[in-house]
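Spelled out from the first residue to the last, the chains are:
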Amino acid sequence: MRVWQGENAQADVKITKSQAHKEACIMPQLNPNDSSIVHLVKRSQPMTCTGFRLAYIKDDMIHFDLDSADRYPDSCSVFFPARVDDNIQKTKWLGNYKFDGKNVSFVPSNRESEHDRPQSDFLTVKCSIQSPPGKGSFTDHTDSLARIKDDPEISIRAKNQERRTKSGLSLNVIMLGMDSTSRMNAIRNIPKSLAYMEEELQAVFLNSYNIVGDATTGALIPMLTGKFESELPNTERGRGSPVNVYPLVWKDFEKAGYVTMFAEDRPELSLFNYRLSGFKEQPTDYYMRTFWREMEAYKSGYCLGPDPVHVVMLRYLQDFMTSYPDNLKFGFSFLTDPTHDDLNILSVMDQDLLSFMQSAKESGALNQTILVIFGDHGSRYEIVRQTFQGKLEERLPFMAIILPDVFRQRHPEAYRNLVTNADRLTTPFDIYATLRSVIDFSKRHWTSSRRAFSLLSTEVPLGRTCREADIAHHWCACMGWNEIRPAEHEVVDGAARFTIDTINGITSHAREKCSLLQLANITSKYRMAHNDQMLRFKEMKGDNILLELHPDKEEISGTYQVTIETRPGGGVYESTVHVRRDVSEQDWEYKLSGEISRINKYGNQSNCIKKEHPSLAKFCFCST
């Protein structure tokens, strides 16, 4: 089925007769190597991290691989981060190791300690190694260690709560997210991993999975809370409450007897801290932000010592999956390095992701686990985003759901529902409802509206529209967009000016710092074919069903999408605007659909307000 051909929104579509009359949202069938972007697609070189690891943890104790260095260390000091809240933590000294050849002794910081059995999940081991002659007396070496340390109190709490939960599926849930990963980019860059998911793990890929909001927060807050950010308490940094007030789904899993974990690898860009206030109390049993804040001083590019950051993250997730064998587990791990910064660099993760899945399967960790591997959205800022293909890729992230054999055997109908839903319009709200159904499978639906369906409990209606799924026209990938007719240029110019005025209105309360923007250029303009039900049956031609776009019902109204460049600063913005005549038919009325997208990087252009007004970052060009 193909809807889009190059820059044109009209094409013949091959579908079944029943679809022709029922399906409201026909998703574009994109080519991952479309001619408009193929020159931007490159294979990244393998990632090479230098150095060696001297210290490691085994059997809950620190050990040293003295054969990994050509000289024995003189001494090593062990530190660990002590979290106060998301923004404050203290580095504490655990003790020192002394070396006499291969003989190692430990001197604890607290003389009452009986042995070198560290209580922290995260450790930094700093060693002093004697240098070769003529190169100074000592060389510093640092190892950063992250592990899951089983806590008997967590296990007992989870077991006690689990006894009160009888209607759940009793399956672990592990979610692994990759920043800026569209379905097409996954096909381009992780072919070995996708083949393993499909052939060995029987993954179900959601081919019509559509975002509902801008950026990572717009994708993951609905997935984790079932709400838009605007429907939740204000948690904006500096003005709102800590994010602990959110009804995050892992709280429900904890109440259902699960051990919980949340991990991200870029503290400065993290989901709940870049623009929001972060957590006061630690949100989950295991929380990796504490580690990565400590490691900021030791990272080098995408490397932490001899390991890529994504390998450290995958190792920690695998450690969590094999911990607490007698407890249910919910883990949410989100990789920002390295995919946030480069469209093509996802390819360096292919072998490591494949190895992670192979190890998880071989260890038995997937026998009782639902594994969800996904992207939050496609590329938002690179050159590819300014193509028509890139516009659609941003809206269609990667989403794969892997169910264990035991679930498919016990619940064949639920598995069939998921397979059916693979080609239905789905959103992050449906992922939330699906997660809730894992906890309580007796409830067939988690909402009275059509905004969210458990993908295991029911079939998503074939006739579901973007409107019903709460997807604004701006984000809906099944919209049909036509080239602008000559008579419409005045209307579109008005939509562009309305977009500029809206941006300037957003930054007006920071005008002493943010420049007043002006329209420099309109780089693209489209008119929406009509509405969610954009295609309708036209005629049979041989074995094919031909569809046609709805004609406009009212020439005095329409929906337009414009891409504009602004000055100063060279910002590139995309907006979707509803336009109609008022009663007097003298003026046009404009209304924004969804958010305004910033589709080129703004770097440090808004540094003057990022801390005080983080929500203005994509709109502000600092005048000072």
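Residues numbered from 1 in each chain as written. Predicted model: local features only at pLDDT ≥ 70, side-chain atom pairs only at ≥ 80, totals over all residues. Heavy atoms only, no water.

**Quick look at the overall build of the chain**
Here is the rule: Labels follow the DSSP assignment, with helices taken as runs of H or I lasting at least four residues and strands as runs of E lasting at least two, numbered in each case from the N terminus. Partly exposed residues are those whose accessible area sits between 20% and 50% of the maximum for their type, while under 20% is buried and over 50% is exposed, using a 1.4 Å probe and protein chains only. Whether two residues are in contact is decided by their heavy atoms, any of which lying within 4.5 Å being enough.
Counting its secondary structure elements, the chain contains 14 helices and 25 strands. Within the chain, buried positions represent 56% of all 624 residues. Restricting to contacts in the chain with at least 6 residues of sequence separation, those with at least 24 account for 72%.

**Quick notes on the confidence of the model for the chain**
Here is the rule: Within a predicted model, pLDDT stands for the predictor's per-residue confidence, ranging from 0 to 100.
Of all residues in the chain, 87% attain a pLDDT of 70 or more, and the chain-wide mean is 87. Scored below 50 in pLDDT, residues 1-21 makes 59 contacts in the model with residues more than four places away or belonging to other chains. Confidence drops under a pLDDT of 50 for residues 531-555, and excluding neighbours within four residues, the segment shows 67 contacts in the predicted structure.

**Looking at the environment of Val 212**
With respect to the element layout, Val 212 can be found in the loop between β9 (204-205) and α5 (215-225). Sequence separation of Val 212 and Ala 469 is 257 residues, and the distance between their C-alpha atoms is 8.7 Å. When neighbours within four sequence positions are excluded, Val 212 is seen to be in contact with Gly 218, Pro 222, Phe 228, Thr 427, Pro 428, Phe 429, Asp 470, Ile 471 and Trp 475.

**Considerations on the sheet that holds strand β10 (residues 258-264)**
Here is the rule we go by: Note on pairing: two strands pair once DSSP finds at least 2 bridges between them. The angle between two axes is taken between their N-to-C directions and runs from 0 to 180 degrees, where each axis is a line fitted to C-alpha atoms and a helix contributes only its stretch in contact.
If you trace the seven strands from one edge of the open sheet to the other, you get β9-β17-β16-β8-β15-β10-β11, paired in mixed fashion. The open sheet terminates on both sides in strands that have one partner only, identified here as β9 and β11 (286-287). Of the strand pairs in this sheet, strand β8 (residues 172-178) and strand β15 (residues 328-335) are connected by six bridges, and their pairing is parallel. Bridging from a neighbouring strand, Val 173 pairs with Phe 330 of β15. In the packing of helix α8 (residues 309-322) onto the sheet, the strands contacted are β8, β10, β11 and β15, and the crossing angle to β15 comes to about 175°.

**A few points about the nonpolar core**
Rules: Grouping buried Ala, Val, Leu, Ile, Met, Phe, Trp, Tyr and Cys residues that are joined through side-chain atoms within 4.5 Å yields what is termed a nonpolar core.
By size, the foremost hydrophobic cluster in this structure holds 52 residues, and its most contacted members are Met 175, Phe 272, Phe 330, Phe 332 and Ile 431. The contact partners of Ile 431, leaving out residues within four places of it in the chain, are Met 175, Leu 206, Tyr 209, Met 223, Met 399, Ile 401 and Leu 455.

**Here's the deal with empty space enclosed by the protein**
Cut-off, in case you're wondering: Put simply, the grid is 1 Å and covers the protein atoms alone, a cavity is a trapped set of points that fit a 1.4 Å probe, a pocket is an open set with protein on both sides within 12 Å along at least five of seven lines, and lining residues have an atom within 4 Å of a point. Grid points are joined across faces, edges and corners, and a volume is the space filled by probe spheres set on the points.
For the coordinates displayed, the defined rule picks out five cavities of 30 Å³ or more. Put simply, the largest cavity is a space of about 80 Å³. Contributions of two or more residues to the lining of the largest cavity are made by β16 (369-375) and α13 (428-439). With four residues, α13 is the single largest residue contributor to the lining of the largest cavity.

**As for the pattern of salt bridges**
What counts here: For this analysis, a salt bridge means a side-chain nitrogen from Lys or Arg found within 4 Å of a carboxyl oxygen belonging to Asp or Glu.
Counting across every chain of the model gives 33 salt bridges. With a shortest N-O distance of 2.8 Å, Arg 395 and Glu 574 are connected by a salt bridge. On the criterion of sequence distance, the pair formed by Arg 395 in helix α10 (residues 388-395) and Glu 574 in strand β23 (residues 572-581) is long-range, its members being 179 residues apart. The two residues Arg 395 and Glu 574 agree in class, both being buried.

**A word on the packing of α8 against helix α9 (residues 350-363)**
What counts is decided by this rule: An angle below 35 degrees is treated as roughly parallel, one above 145 as roughly antiparallel, one from 65 to 115 as roughly perpendicular, and anything else as oblique. Definitions for this section: a left-handed crossing has its near helix turned counterclockwise from the far helix by less than a right angle. A right-handed crossing has that turn clockwise. Following the grouping adopted for this structure description, the nonpolar residues are Ala, Val, Leu, Ile, Met, Phe, Trp, Tyr, Cys and Pro, the charged ones are Asp, Glu, Lys and Arg, and the polar ones are all others, Gly among them.
Two elements in contact, α8 and α9, have axes separated by 11 Å at closest approach and are oriented at 10°. In terms of their interaxial angle, α8 and α9 are classed as roughly parallel. Seen from above, α8 lies across α9 with right-handed handedness. Taken together, the residues of α9 that come into contact with α8 (itself represented by His 310, Val 311, Leu 314, Leu 317, Gln 318, Met 321 and Thr 322) are Asp 352, Leu 353, Phe 356, Ser 359, Ala 360 and Ser 363. The residue inventory of the contact of α8 with α9, partitioned by class, reads seven nonpolar, five polar and one charged.

**A word on unusual backbone geometry**
With the exception of glycine, the majority of residues adopt a negative phi angle, and the majority of peptide bonds are in the trans configuration. Between Asp 337 and Pro 338 the backbone carries a cis peptide bond, its omega angle lying at -5°. Positionally, Pro 338 belongs in the loop between β15 and α9. Across the junction of Arg 567 and Pro 568, the peptide omega takes the value 0°, indicating a cis bond. Residue position: Pro 568 is located in the loop between β22 (557-567) and β23. Phi angles above zero are rare outside glycine, and Asp 60 is one such case at about 65°.

**Description of the sheet that holds strand β13 (residues 303-304)**
The sheet built from three strands is open, its strands ordered β12-β13-β14 with antiparallel pairing. Edge positions in the open sheet fall to β12 (299-300) and β14 (307-308), since each of these has one partner strand only. Sheet topology note: the β13/β14 ladder contains two bridges and is antiparallel. What sits directly across from Leu 304, in β14, is Asp 307.

**Things to note about the environment of Ser 35**
Tracing the backbone shows Ser 35 in the loop between α1 (17-22) and β1 (55-58). Separated by 354 residues in sequence, Ser 35 and Gln 389 have C-alpha atoms that sit 9.4 Å apart.

**What to know about the state of the cysteines**
Test applied: Any cysteine sulfur atom paired with another within 2.5 Å is treated as part of a disulfide.
Scanning the entire structure with this criterion turns up six disulfides. Paired through a disulfide, Cys 76 and Cys 127 show a sulfur-sulfur distance of 2.0 Å. On the sign convention where negative means left-handed, the S-S torsion of about 110° between Cys 76 and Cys 127 marks this disulfide as right-handed. With Cys 76 in strand β3 (residues 73-83) and Cys 127 in strand β6 (residues 122-130), this pair connects stretches of sequence that are 51 residues apart. According to the relative accessible area criterion, Cys 76 is buried, its value standing at 1%. Through a disulfide, Cys 608 is tied to Cys 622; the S-S separation comes to 2.0 Å. Classification of the bridge connecting Cys 608 and Cys 622 rests on its S-S torsion, roughly -95°, and on that basis the disulfide is left-handed. Residue Cys 608 is found in the segment after β25 (597-598), and its partner Cys 622 is found in the segment after β25; the two are separated by 14 residues along the sequence. With relative accessibility at 13%, the residue Cys 622 sits in the buried group.

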